[in-house]
Amino acid sequence: MSASPESRQAEAGLVSAQFHRVRRSKVRFREGARPPPREAARRPAHVARMLALAHHVESAIARGLVASAADVAGQLGFTRARVTHLLDLLLLAPDIQEEVLFLEAVDGEEPLSERSLRAIAHAGTWVVQRERWCEVKASF
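Residues numbered from 1 in each chain as written. Predicted model: local features only at pLDDT ≥ 70, side-chain atom pairs only at ≥ 80, totals over all residues. Heavy atoms only, no water.

**Observations regarding the nonpolar core**
- Ranked by internal contacts, the top residues of the largest apolar core, which has 19 residues, are Val47, Val100, Leu117 and Trp133.
- Mapped by element, the contributors of at least two residues to this core are α2 (46–63), α5 (94–101) and α6 (114–121).
- Apart from the residues within four sequence positions on either side, Val47 is in contact with Val100, Leu103, Leu112, Ser113, Glu114 and Leu117.
- One finds Ala60, Val66, Ala73 and Val83 within the second-largest nonpolar core, a separate group that totals six residues. (Core = buried A, V, L, I, M, F, W, Y, C linked by side-chain atoms within 4.5 Å. Buried < 20%, exposed > 50% of the residue type's maximum accessible area, 1.4 Å probe, protein only. Helix = DSSP H or I, 4+ residues; strand = E, 2+ residues; numbered from the N terminus. Contact = heavy atoms within 4.5 Å.)

**What to know about unusual backbone geometry**
- Residues other than glycine seldom take positive phi values, yet Asp107 does so here, at roughly 50°.
- Positionally, Asp107 belongs in the loop between β4 (104–106) and α6.
- Classification of Asp107 as partly exposed rests on a relative accessible area of 44%.

**Some points on the side chain of Asp88**
- Within the secondary structure, Asp88 is located in helix α4 (residues 80–88).
- Within the buried set, Asp88 has no salt-bridge partner at all; the shortest N-O distance to an opposite charge, 5.5 Å, is to Arg118.
- A distance of 3.1 Å separates polar atoms of two side chains, one belonging to Asp88 and the other to His122.
- Once residues lying within four places of it in the same chain are set aside, the contact partners of Asp88 are Arg118, Ala121 and His122. (Lys, Arg positive; Asp, Glu negative; His and termini not counted. Salt bridge = Lys/Arg side-chain N within 4 Å of Asp/Glu carboxyl O. Polar contact = N/O pair within 3.5 Å; in protein donor to acceptor, adjacent residues only side chain to side chain.)

**Some words on the packing of aromatic side chains**
- For the structure on display, the rule yields one aromatic pair.
- Where Trp133 meets Phe140, the ring centres are 6.2 Å apart and the plane angle is 65°; that geometry is what we call edge-to-face. (Phe/Tyr/Trp six-rings, centres within 6.5 Å; stacked < 30°, edge-to-face > 60°.)

**With respect to the environment of Leu51**
- The topology assignment puts Leu51 in helix α2.
- For the pair Leu51 and Gln97, spaced 46 residues apart in sequence, the C-alpha to C-alpha distance is 7.7 Å.
- Apart from the residues within four sequence positions on either side, Leu51 is in contact with Leu89, Leu90, Gln97, Val100 and Leu101.

**What to know about the pattern of salt bridges**
- All told, the structure shown has seven salt bridges when counted by the stated rule.
- A salt bridge links Glu99 to Lys137; the nearest nitrogen and oxygen atoms lie 2.9 Å apart. Of the two residues, Glu99 sits in helix α5 while Lys137 sits in helix α7 (residues 126–137), which places them 38 residues apart along the sequence.
- We classify Glu99 as partly exposed; its relative accessible area is 30%.
- Relative accessible area serves as the criterion here: at 32%, Lys137 is assigned to the partly exposed category.
- Salt bridges sharing common partners tie together Arg82, Glu114 and Arg118.

**What to know about the packing of α2 against α5**
- Two elements in contact, α2 and α5, have axes whose closest approach is 8 Å; the angle formed by their N-to-C orientations is 125°. When the axis of α2 is compared with that of α5, the two are oblique. Together, Val47, Ala48, Leu51, Ala52 and His55 of α2 and Gln97, Val100 and Leu101 of α5 make up the contact between the two elements.
- Of the residues belonging to the contact of α2 with α5, the class tally is six nonpolar, two polar and no charged. (Axes fitted to C-alpha atoms, helices over the stretch in contact; angles between N-to-C directions. Parallel < 35°, antiparallel > 145°, perpendicular 65-115°, else oblique. Nonpolar A, V, L, I, M, F, W, Y, C, P; charged D, E, K, R; others polar.)

This is the structure:
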């Protein structure tokens, strides 16, 4: 025979607690308040790292450590076209290069793509590059 609805409510109690997931290989839950939110992960932006690599490659060629960009491509496992793309970043105006080197990716969100930066580099004179850079910079 079944119990009456009133007795069921008296038997069952409502338990309330806060749980948060602990990131490990197994799912475990801890009782208590959530931990404070973590700080945003910051790292140099991809375009900043590629510009730094371009300066390094140019320096290696100038010092005679490698004969040409084609040799660099072979040593790094890049295509010659990819090395050319990297070296194209050196066409940017020096003040733009400085700003790019200080860009950061926050929680994996890149501020701009390398392709859009290369488009600025191919814009022509440094004056035109600076105008386009201001337009792009306003978007992030």
